[in-house]
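Geometric and topological summary
Below, each chain spelled out in residue letters.
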Amino acid sequence: MKKILFVLTITYFTLPTYAQDWVLASQKNEVTVYTRLEENSAVKAFKSEKNVNSDLEDVLQAIMTINTHVEWYDHCKTATLLSKSTDSLVYHMEFSMPFPFSNRDVVNSMVIKRESNRVIVTFKQITGVKDEMDGVVRMPISQGNWILTPNNDGSTQVIHQYQGDPGGHIPSSMVNMLIVSGPINSLTQLEMYLTKSN
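As a starting point, this report considers the structure included with it.

Analysis parameters
Residues numbered from 1 in each chain as written. Predicted model: local features only at pLDDT ≥ 70, side-chain atom pairs only at ≥ 80, totals over all residues. Heavy atoms only, no water. Helix = DSSP H or I, 4+ residues; strand = E, 2+ residues; numbered from the N terminus. Rg over C-alpha atoms; globule rule 2.2 N^0.38 Å. Buried < 20%, exposed > 50% of the residue type's maximum accessible area, 1.4 Å probe, protein only. Areas by Shrake-Rupley, 256 points an atom, 1.4 Å probe, with all protein chains shown as cover. Expected span 1.5 Å × (residues − 1). Patch = residues over 30% accessible without salt bridge, like charges linked within 9 Å, V, L, I, M, F, W, Y side chains within 5 Å. Salt bridge = Lys/Arg side-chain N within 4 Å of Asp/Glu carboxyl O. Phe/Tyr/Trp six-rings, centres within 6.5 Å; stacked < 30°, edge-to-face > 60°. Lys NZ or Arg CZ within 6 Å of the ring centre and 35° of its normal. Core = buried A, V, L, I, M, F, W, Y, C linked by side-chain atoms within 4.5 Å. Contact = heavy atoms within 4.5 Å. Pairing = 2+ DSSP bridges.

**What about the overall build of the protein?**
In terms of regular secondary structure, the protein is built from 5 helices and 10 strands. Computed over its C-alpha atoms, the radius of gyration of the protein comes to 16 Å, within 12% of the 16 Å expected for a compact globule of 198 residues. Summarising its shape, the C-alpha atoms of the protein cover approximately 45 × 40 × 35 Å along the three principal directions. In the protein, buried positions account for 48% of the 198 residues. Per element, the accessible surface of the protein, about 10400 Å² overall, is 51% carbon and sulfur.

**Structural notes on helix H5 (residues 181-197)**
Three or four residues apart is the spacing at which side chains of an α-helix point the same way, because the helix has 3.6 residues per turn. Over its 17 residues, H5 extends 24 Å from the first C-alpha to the last, a length consistent with the 24 Å expected when each residue adds 1.5 Å. Restricting attention to buried positions, one finds in H5 the residues Gly182, Pro183, Ile184, Ser186, Leu187, Thr188, Leu190, Glu191, Tyr193 and Leu194.

**Side note on a nonpolar patch on the surface**
On the surface, Met174, Met177 and Leu178 cluster together into a nonpolar patch covering about 340 Å² of accessible area. Looking at the secondary structure, you find methionine 177 in helix H4 (residues 172-178). Residue classification places methionine 177 among the exposed residues on the basis of a relative accessible area of 69%.

**Examining the packing of aromatic side chains**
In this structure the tally under the stated criterion is 6 aromatic pairs. For the ring pair tryptophan 72 and tryptophan 146, a centre distance of 5.8 Å and an interplane angle of 70° mean the geometry is edge-to-face. In this pair, tryptophan 72 is assigned in helix H3 (residues 69-72) and tryptophan 146 in strand E9 (residues 141-150), connecting sequence segments 74 residues apart. Among the residues examined, tryptophan 72 registers a relative accessible area of 0% and is labelled buried. Residue classification places tryptophan 146 among the buried residues on the basis of a relative accessible area of 2%. A network of ring pairs unites the aromatic residues Trp72, Tyr73, Phe95 and Trp146 as a single cluster. The ring of tyrosine 34 is capped by lysine 47, whose NZ or CZ atom sits 5.4 Å from the centre of that ring.

**Re the nonpolar core**
The biggest cluster of nonpolar side chains holds 40 residues, and the ones touching the most others in it are Met110 and Trp146. In terms of residue count, the dominant contributor to this core is helix H2 (residues 56-64) (6 residues). Setting aside residues no more than four positions away along its own chain, methionine 110 makes contact with Ile63, Ile66, Asp87, Ser88, Leu89, Tyr91, Val121, Thr122 and Phe123.

**Description of the pattern of salt bridges**
Opposite charge on two side chains permits pairing when their charged atoms draw close. For the coordinates displayed, the defined rule picks out 9 salt bridges. Close ionic contact of arginine 114 with glutamate 57 constitutes a salt bridge, the shortest N to O distance being 2.9 Å. Placement of arginine 114 in strand E6 (residues 104-114) and of glutamate 57 in helix H2 is noted, with a sequence separation of 57 residues between them. One salt bridge in this structure joins lysine 77 and glutamate 94, with 3.9 Å as the shortest N-O distance. Taken as a pair, lysine 77 in strand E4 (residues 76-84) and glutamate 94 in strand E5 (residues 88-95) lie far apart in primary sequence, 17 residues in all.

**Quick word on the pairing of strand E1 (residues 23-28)**
Taken together, the 5 bridges between E1 and strand E2 (residues 31-38) define a ladder with antiparallel strand orientation. Across the sheet, residue serine 26 finds its bridge partner in E2, namely valine 33. Between E1 and E2, which pair antiparallel one after the other, the connecting turn spans 2 residues, and asparagine 29 there sits at a positive phi close to 55°.

Structure (structure tokens):
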């Protein structure tokens, strides 16, 4: 446990260099979603944006309280905190997949960085922390960030960027067709969760 947290404190996670610009993919429920292809994957990355009617600290708390992700993050079946320090944590998530595909899972590390006018939460998959589960495919790529910026009216601009690869035998073309609905659902459900919690 201590070894994991030590590694997180000396590692700075960044997203890879991208080959393409963001392209508008959808606007729904006051969520805007952009996608683009990555240099190292056939699966598109997405960037979603929404102004959420909650203050920044409440949004940050929802993101950091890992077990609540099952209530608002799209297709999240289970979410378990594995370790935590002041500004970083390690967690496991399992995602439900439609038949006939197996569920996917991932172990991510998360680092919280506070700046003068925003908070950046960066996460990336790590290995060697939790054994793979029978019948569940471990995702080879899972990395992204949350950028939270307070608005003058007390709401928060939420930007969620993510690059993932489900691995296994799901065609990338199929994943790319479905990649837009996930972030729309997640940010819509996040706002609903925050409204209910407050």
